[in-house]
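Results of the structural survey
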Amino acid sequence: EVQLLESGGGLVQPGGSLRLSCAASGFTFSTYAMTWVRQGPGKGLEWVSTISLNSGDTYYADSVTGRFTISRDNSENTLFLEMNSLSVDDTAVYYCARYAPGGYWYFDIWGRGTLVTVSS
Amino acid sequence: QSALTQPASVSGSAGQSITISCTGTSSDVGGYNHVSWYQQHPGKAPKLMIYDVNKRPSGVSHRFSGSKSGNTASLTISGLQAEDEADYYCSSYASTSIFILNVFGTGTKVTVL
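Quantities reported herein were computed from a predicted structural model and do not represent experimental measurements.

This next bit is on the sheet that holds strand S6 (residues 72-77) of chain B. Residue and element names in this part refer to chain B. Spatially, three strands are ordered S2-S6-S5 in an open sheet, and the strand pairing comes out antiparallel. Two strands bound the open sheet, and with one partner strand each, they are strand S2 (18-23) and strand S5 (64-69). Taking each pair of neighbouring strands and ignoring which way they run, the sheet shows an average axis angle of 20°. Bridge count for S2 against S6 is six bridges, and the pairing is antiparallel. Looking at the pairing, Thr19 lines up with Thr76 of S6.

Structural data, given as structure tokens:
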């Protein structure tokens, strides 16, 4: 079964850091571009960051540029999101998702999400 | 880059058809045939319902269909059923001066009366 499973969320103070992981299974992870999408409480979906299949290209939303770093370990079938200088506005459920083959067009598989709460 | 504009809510009776609009610009919806739609039930992950404007993934009901005209895309749900009650988000590939890859819509809550 194709599956994505996020972990690493939790409560962190403003200014703190957190590292999210997304374990992939059921497909050849190294042949897919991946992304992180977040959803604040009661809010809509927001694209956060994307990484190409070989880590050669990374992209970030304006709201996280300079604070978040996306990476992947194809040998471990795992996607990461390193989050620094967190603010209350970063409070959200963070989903990892897989791009369908061919380009950065749409997301065909989603994880269940991990909740990040930034609060003092 | 602003979010794509969707109506906050749409409702219909069981068996009826409803349409959700998704309005963007020539830098996203109007510029590419890469509009997708996602269904999200409360507390659940989004699920892909439509991709590339009007294509359905395997397993998605034929009651869901998509279209696009200019800068506005639409999702139509025919024969509305109770299980269709959920939030729906459109998304488009985007390319602007403020670089962004994918932009989502504001979301529409569908209520089955």
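The structure having been displayed, the exposition proceeds.
Residues and elements named next belong to chain B. Going through the model one piece at a time under the given rule, you end up with two disulfides over all chains. Disulfide pairing places Cys22 opposite Cys90 at an S-S distance of 2.0 Å. Taking the sign of the torsion about the S-S bond as the criterion, the disulfide between Cys22 and Cys90, at about 75°, is right-handed. Of this pair, Cys22 sits in strand S2 while Cys90 sits in strand S7 (residues 86-93); the two residues are 68 residues apart in sequence, bridging distant segments of the chain. Given a relative accessible area of 0%, Cys22 falls into the buried group.

Moving on, we come to the packing of aromatic side chains. Following the criterion strictly, the structure yields 16 aromatic pairs over all chains and no others. A centroid spacing of 5.6 Å and a plane angle of 80° characterise the contact between Phe107(A) and Trp110(A), whose relative ring orientation is edge-to-face. On the accessibility criterion, Phe107(A) (0% relative accessible area) is buried. Counting every residue linked through ring pairs, the aromatic cluster contains Tyr59(A), Tyr95(A), Tyr99(A), Tyr104(A), Phe107(A), Trp110(A), Tyr38(B) and Phe104(B). Of note, Arg19(A) hangs over the ring of Phe80(A), and the distance from its end group to the ring centre comes to 3.9 Å.

Let's shift gears to the environment of Lys43(A). Relative to the helices and strands, Lys43(A) is located in the loop between strand S4 (34-39) and strand S5 (45-51). Distance from Lys43(A) to Ala92(A), taken between C-alpha atoms, is 8.9 Å for residues 49 residues apart in sequence.

Parameters at a glance
Residues numbered from 1 in each chain as written. Chains lettered and ligands numbered in written order. Predicted model: local features only at pLDDT ≥ 70, side-chain atom pairs only at ≥ 80, totals over all residues. Heavy atoms only, no water. Pairing = 2+ DSSP bridges. Helix = DSSP H or I, 4+ residues; strand = E, 2+ residues; numbered from the N terminus. Axes fitted to C-alpha atoms, helices over the stretch in contact; angles between N-to-C directions. Disulfide = S-S within 2.5 Å. Buried < 20%, exposed > 50% of the residue type's maximum accessible area, 1.4 Å probe, protein only. Phe/Tyr/Trp six-rings, centres within 6.5 Å; stacked < 30°, edge-to-face > 60°. Lys NZ or Arg CZ within 6 Å of the ring centre and 35° of its normal.

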